Amino acid sequence: MRLRTLLIWLAVVPTVAMGTQVTVSAQRLLEQSAQLRADVEVAERIGAPLYTLMVDMQAERTATASLWAGTAGSEGELRIRRAATDSAAAEFRALADDPSRSFTEVTRQLEKLAAYRQRADTRSGAADSTLAYYSEVIGKVIQVYQQEFSHAQDAELAQASRPVVSMLQATEMVAREDTVLALAGPSGELSFVGYDQFVSSLGAQRYLHEALIVPHLTARDERFYERVVGSEDWQEKTRIENAVLSGHKDSVSGIKLPAEVSGWSSAHANFSVQMTTLNIDLARSVLARGEAKAAELQAEVAWLIAGSGGGLLAVVVVVVFTTRSVLRRLHDLHERTVTVAEETLPDVVSRLQRGQSVDPAALPAVTGDRDEVGRISDAFARAVAVSVDGHRQLAAERHGFGLFASGIASRTGNLVSRQLSLTENLQDTFGNDEALLAQLMRSDQLTVGMRRQIENLLILAGGEVPDPHTEPMRVADLLREAAAEVEDFRRIERQALDETSVEPSAISQISHLLAELLDNATRFSPPKSKVVIRAELVADGLSVEIEDRGPRVSPERYEEMNGRLHQAPPYSVLAQNAHRLGLFVVGHLADQLGATVTLRRSVYGGTCAVVVLPAELLRPSGAQTPHRPARREGAPVAAVPAPAAAPAAESAPAPAEEHGPEPHLVPEPDPVPEPHQGTEPEPVAEPEPEPVAHTSAGLPSRRTKTPRHAPATALAAPPRPAAAPARPALPERVPQTHIADQLRAPHAPETQVPQDTATPEEVADAWADYEQGTQTVEEELRRDQP
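Participant: For this particular structure, what's the right way to read the overall build of the protein?
Facilitator: The helix and strand inventory of the protein stands at 19 helices and 11 strands. The buried share of the protein, reckoned over its 786 residues, is 43%. Of the roughly 40800 Å² of accessible surface on the protein, a fraction of 56% belongs to carbon and sulfur atoms.

This is how it looks when you write it as structure tokens:
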């Protein structure tokens, strides 16, 4: 994971967590506020009808008890109370339309009201069961109040709503006392069950006032409550209750109440109104608190959102600035590192490899910063310093090794040059002995190959190929010189124009480059196949193509080989590829010449090497007289003539594997001047085609072989007398003396082609060379496959 992503997550995770927490808290507070508002709305809408229904039910219950006791005038009072109850019940049913609330139970109980009224009118059953129905309905109403005003989600409102419910319950207990006393009737006598109900209601009522109402009243409500309980009517109520408890008399049928009970009705009518007012004030106070609490919760949500949003914004700003600062410093460090890695360090390494000095100011320095980014920068600076020191040491070792290898190559090259001079002297001395001359030519050819390998070492060590040329050379002569340095030069077919010449300073390098490519092409192609080298002018200069017919090479292998042609490998790579250094040599020479060398697949399935020489190395030949190329010291003289007629340019691919060297072309004979008009060429005996023995593949024989027949006049100049101290002169060619009989008499019948005189050993040697080269290529291809 990227550092930018980590920093962003470092900011996003706490921000999201904080935002989630704020959202959840705000949602909870908003839900609580909405619930409070809903409760307040329902209480305002249902509270008054519900309280009215409770009071009317209490009054109807008392009137029913009076009717059951036979009190005078109770029937009219009962009708009035029933009418009030019906009106309150109808209003409650119209408003209690929310099925999710607890109004359904009250509505269900009200449906039984008509049946119990009929039982009261007919006095069927017991009075206690009828009166218990009214008490049950009133209890359901108080439960609805308790649920609507409990506010369990808010402790403060729950605390404030307790006196309201407790006051309703205390009012119900007083109403039950009133009902029990009404049930006593004119006789003033209660049953034992009725007396127990009175005592229970009285105890519950006093407990509620003392324990659940007074301790939870506010100061304002407490003052109002004290005025109510301090009134004469409440005091009269208390005296009657005490008289009933202490002044009752037991009888056989029940409990006889004291005479003070007669004042209960008037006192109850007065203090009940005051208690109703107190209950309504308490309920309104709770509703007002609920509304204020809901508004307070909404304000809290607004402050929470505003504060949290500001905090989140501050966190985001801090994180953004911190992240940008860290990333900017890291980006600057990255840019400096990339610049050092891609520009400074390669330039330093290149300068060290060239033996130049390095400015320490160009390298990153240790600043000694104490923070993390600074320490990373210092660590990178130390790593660069260590790397540069290592490259400096390696460059010194490489330079020293290059000097050592160059010295060895130079000394060995001098020995080889002396060997070539000795061979040339032997050729001059024993030129009359064709068999010995063939062996000397073979030795000369191998020595030239040895010299080329030594020059390869000199090139790879950083040296330069000696160049004895002082005049421009025609391209055709250059191709001939390059082909002459290849052991199997007879297989090379050359195609070039003479209108262009090459600068003298580049002749040896170009010749060596083409010789490496030609040598590689001949070694990795069938023994009897042709290797074609052609040169022609192109827009960028001179294009030289070398084609062989060797084995196929994969595109990946071509890419690898072309890479070797365009960069100088370290000594470690050279050591690993010591058996195939041709491409590296070609790459070095191409870099020195400013040329490009590309290997690709030929149309014949082999390889085609394309060399493009820059135009700066060329000059037009003009009217120069063709001359034979200047031979480097010890270079083999093309004593063996080329084939009489070169076939049409065959495309033969260039190097297949390590297509480094390419075979040199066989030198063509010098142009023969046309005979003058009226003169005939001097008849000269036709010499043998080759003074060197050949195999069936056209290769010089590795063993000395006596020619089939000695030439009648092999050389134009006779050998010097034995007494002469000078060495015998080499034979000279005479124009028109080497033309074949078929060309002298074109209309004569064709002569029979002499049978190939190659021995089985020579054929075996040629095929052994081809098989060895093919096996080497296949082995290298198998190693290169993944």
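Moving on from the model shown.
Participant: What is the right way to look at the nonpolar core in this model?
Facilitator: Burial of nonpolar side chains together is a common tendency in soluble globular proteins. Counting residues in hydrophobic clusters, the biggest one holds 45 residues, and the most contacted among them are Ile510, Leu513, Leu514, Leu518 and Ile546. Counting residues per element, this core draws most heavily on helix H14 (residues 504-523), at eight residues. Every residue in contact with Leu513, bar those within four places of it in the chain, is listed here: Val586, Leu589, Ala590, Leu593, Val597 and Val611. If you look at the next biggest cluster of nonpolar residues, it comprises 25 residues, including Ile46, Leu53, Val106 and Tyr145.

Participant: Is there a simple way to explain the pairing of strand E9 (residues 596-601) in this structure?
Facilitator: Alignment of E9 against strand E10 (residues 607-614), held across six bridges, turns out to be antiparallel. Along E10, the bridge assignment pairs Arg600 with Cys608.

Participant: Which parts of the structure should I look at to understand unusual backbone geometry?
Facilitator: Backbone phi values are negative for most residues with the exception of glycine, while trans is the configuration of most peptide bonds. The phi dihedral of Arg123 falls on the positive side, at around 55°, and the residue is not glycine. Among the structural elements, Arg123 can be located in the loop between helix H4 (113-122) and helix H5 (127-148). Overall, Arg123 belongs to the partly exposed group, its relative accessible area being 41%.

Participant: Which parts of the structure should I look at to understand the sheet that holds strand E6 (residues 500-502)?
Facilitator: Strand pairing in a sheet takes place through backbone hydrogen bonds and is either antiparallel or parallel in direction. Taken in spatial order, the three strands line up as E4-E6-E11 in an open sheet, and their pairing is antiparallel. Either end of the sheet is taken by a strand with one partner, and the two such strands are strand E4 (473-474) and strand E11 (618-620). Note that E6 and E11 share three bridges and pair antiparallel. Each bridged residue has a counterpart across the sheet, and for Ser501 the counterpart in E11 is Arg619.

Participant: Looking at this model, I keep getting lost on a positive patch on the surface. Mind explaining?
Facilitator: Taken together, Arg2, Arg4, Arg324 and Arg328 make up a surface patch of like positive charges. Among the secondary structure elements, Arg4 is positioned in helix H1 (residues 3-69).

Participant: Honestly, the confidence of the model for the protein in this entry has me stumped. Any pointers?
Facilitator: For any part of a model where pLDDT is low, the fine detail of the predicted coordinates should not be relied upon. Taken as a whole, the protein shows an average pLDDT of 75; of its residues, 74% reach a score of 70 or greater. The lowest-confidence element of the protein is helix H18 (residues 741-744), averaging 47 in pLDDT; the highest-confidence one is E10, averaging 93. In the predicted structure, residues 623-728 sits below a pLDDT of 50 and forms 339 contacts with residues beyond four places in sequence or in another chain. This model gives residues 736-740 a pLDDT under 50, and the stretch forms 17 contacts once residues within four places in sequence are excluded.

Participant: Is there a simple way to explain the side chain of Glu455 in this structure?
Facilitator: Note that Glu455 resides in helix H12 (residues 434-460). Judged by its relative accessible area of 7%, Glu455 is buried. Among the polar contacts listed, one links the side chain of Glu455 to the side chain of His512, at a separation of 2.8 Å.

Participant: Quick question: what am I supposed to make of the sheet that holds strand E2 (residues 249-250) here?
Facilitator: Strand order in the open sheet formed by three strands is E1-E3-E2, and the pairing between neighbours is antiparallel. In this open sheet, the two edge strands, each paired with only one partner strand, are strand E1 (189-190) and E2. Relative to strand E3 (residues 255-256), E2 is paired through two bridges, and the arrangement is antiparallel. Note on E3: the bridge partner recorded for Lys249 is Lys256.

Participant: Can you help me understand a nonpolar patch on the surface in this one?
Facilitator: Together, Ile8, Trp9, Val12, Val13 and Val16 make up an exposed nonpolar region whose accessible area comes to about 440 Å². For Ile8, the position within the fold is in helix H1. Here Ile8 falls in the partly exposed class, since its relative accessible area comes to 43%.

Participant: Please explain the packing of helix H2 (residues 74-95) against H4 as it appears in this structure.
Facilitator: Working note: a packed helix pair is described by the angle between its axes plus the distance between those axes. Running from N to C, H2 and H4 cross one another at 175°; their axes reach a closest spacing of 13 Å. Relative to H4, H2 is oriented roughly antiparallel. Taken together, the residues of H4 that come into contact with H2 (itself represented by Leu78, Arg82, Thr85 and Asp86) are Leu113, Arg117, Ala120 and Asp121. Here the residues of the contact of H2 with H4 are counted per class, giving three nonpolar, one polar and four charged.

Participant: Honestly, the pattern of salt bridges in this entry has me stumped. Any pointers?
Facilitator: Side chains that differ in charge, positive against negative, can pair when their charged atoms come close. One pass over the structure, following the stated rule, counts 24 salt bridges. Glu105 serves as the salt-bridge partner of Lys140, at 3.9 Å between the closest nitrogen and oxygen. Residue Lys140 is located in helix H5, and its partner Glu105 is located in helix H3 (residues 103-110); the two are separated by 35 residues in the primary sequence. Arg523 serves as the salt-bridge partner of Asp519, at 3.0 Å between the closest nitrogen and oxygen.

Participant: Is there a simple way to explain the environment of Glu545 in this structure?
Facilitator: Looking at where Glu545 falls in the secondary structure, it is placed in strand E8 (residues 541-547). A relative accessible area of 17% places Glu545 in the buried class. A C-alpha to C-alpha distance of 9.7 Å links Glu545 and Leu514, two positions 31 residues apart in sequence. Residues in contact with Glu545, not counting those within four places in the same chain, are Val532, Ile533, Arg534, Arg600, Cys608, Ala609 and Val610.

Participant: I would appreciate a short explanation of the packing of aromatic side chains in the present structure.
Facilitator: Following the criterion strictly, the structure yields four aromatic pairs and no others. Between Tyr116 and Tyr133, the aromatic rings sit 4.2 Å apart at their centres with planes inclined by 5°, giving stacked as the arrangement. A residue pair is termed long-range when its members are at least 10 positions apart, and Tyr116 in helix H4 and Tyr133 in helix H5 qualify at 17 residues. A relative accessible area of 2% means that Tyr133 is categorised as buried. Consider the rings of Trp234 and Phe271, whose centres lie 5.2 Å apart with planes at 80°: the pair is edge-to-face. With a gap of 37 residues between them, Trp234 in helix H9 (residues 232-247) and Phe271 in helix H10 (residues 264-353) connect regions that are remote in the sequence. Each of the two residues, Trp234 as well as Phe271, counts as buried. These aromatic residues form a ring-pair network of at least three members: Tyr116, Tyr133 and Tyr134. The lysine or arginine in question, Lys237, covers the ring of Trp234, its NZ or CZ lying 4.1 Å from the ring centre. The ring of Tyr604 has Arg549 lying over it, and the distance from NZ or CZ to the ring centre is 4.3 Å.

Participant: Is there a simple way to think about the side chain of Thr423 in this case?
Facilitator: With respect to the secondary-structure elements, Thr423 resides in helix H11 (residues 372-429). Taking relative accessible area as the criterion, Thr423 reaches 2% and is therefore assigned buried. In contact with Thr423, other than residues within four places in its own chain, are Leu440, Ser443 and Asp444.

Participant: Teacher, can you tell me more about helix H8 (residues 219-229) here?
Facilitator: Residues three or four positions apart in an α-helix share a direction because the helix packs 3.6 residues into each turn. Within the span of H8, buried status applies to Asp221, Tyr225, Val228 and Val229. All buried residues of H8 lie within an arc of 85° about the axis, which places them on one face of the element. Residues of H8 that are exposed and angled more than 90 degrees away from the buried face: Arg220 and Arg227.

Participant: Quick question: what am I supposed to make of the environment of Ser421 here?
Facilitator: Note that Ser421 resides in helix H11. Exposure remark for Ser421: the relative accessible area of 22% places this residue in the partly exposed category. Note: C-alpha distance between Ser421 and Asp444 (23 residues apart in sequence) is 9.4 Å.

Criteria and cut-off values
Residues numbered from 1 in each chain as written. Predicted model: local features only at pLDDT ≥ 70, side-chain atom pairs only at ≥ 80, totals over all residues. Heavy atoms only, no water. Helix = DSSP H or I, 4+ residues; strand = E, 2+ residues; numbered from the N terminus. Buried < 20%, exposed > 50% of the residue type's maximum accessible area, 1.4 Å probe, protein only. Areas by Shrake-Rupley, 256 points an atom, 1.4 Å probe, with all protein chains shown as cover. Core = buried A, V, L, I, M, F, W, Y, C linked by side-chain atoms within 4.5 Å. Contact = heavy atoms within 4.5 Å. Pairing = 2+ DSSP bridges. Patch = residues over 30% accessible without salt bridge, like charges linked within 9 Å, V, L, I, M, F, W, Y side chains within 5 Å. Salt bridge = Lys/Arg side-chain N within 4 Å of Asp/Glu carboxyl O. Lys, Arg positive; Asp, Glu negative; His and termini not counted. Charge placed at Lys NZ, Arg CZ, Asp CG, Glu CD. pLDDT = per-residue confidence, 0-100. Polar contact = N/O pair within 3.5 Å; in protein donor to acceptor, adjacent residues only side chain to side chain. Axes fitted to C-alpha atoms, helices over the stretch in contact; angles between N-to-C directions. Parallel < 35°, antiparallel > 145°, perpendicular 65-115°, else oblique. Nonpolar A, V, L, I, M, F, W, Y, C, P; charged D, E, K, R; others polar. Phe/Tyr/Trp six-rings, centres within 6.5 Å; stacked < 30°, edge-to-face > 60°. Lys NZ or Arg CZ within 6 Å of the ring centre and 35° of its normal. Arc of directions from axis to C-beta.

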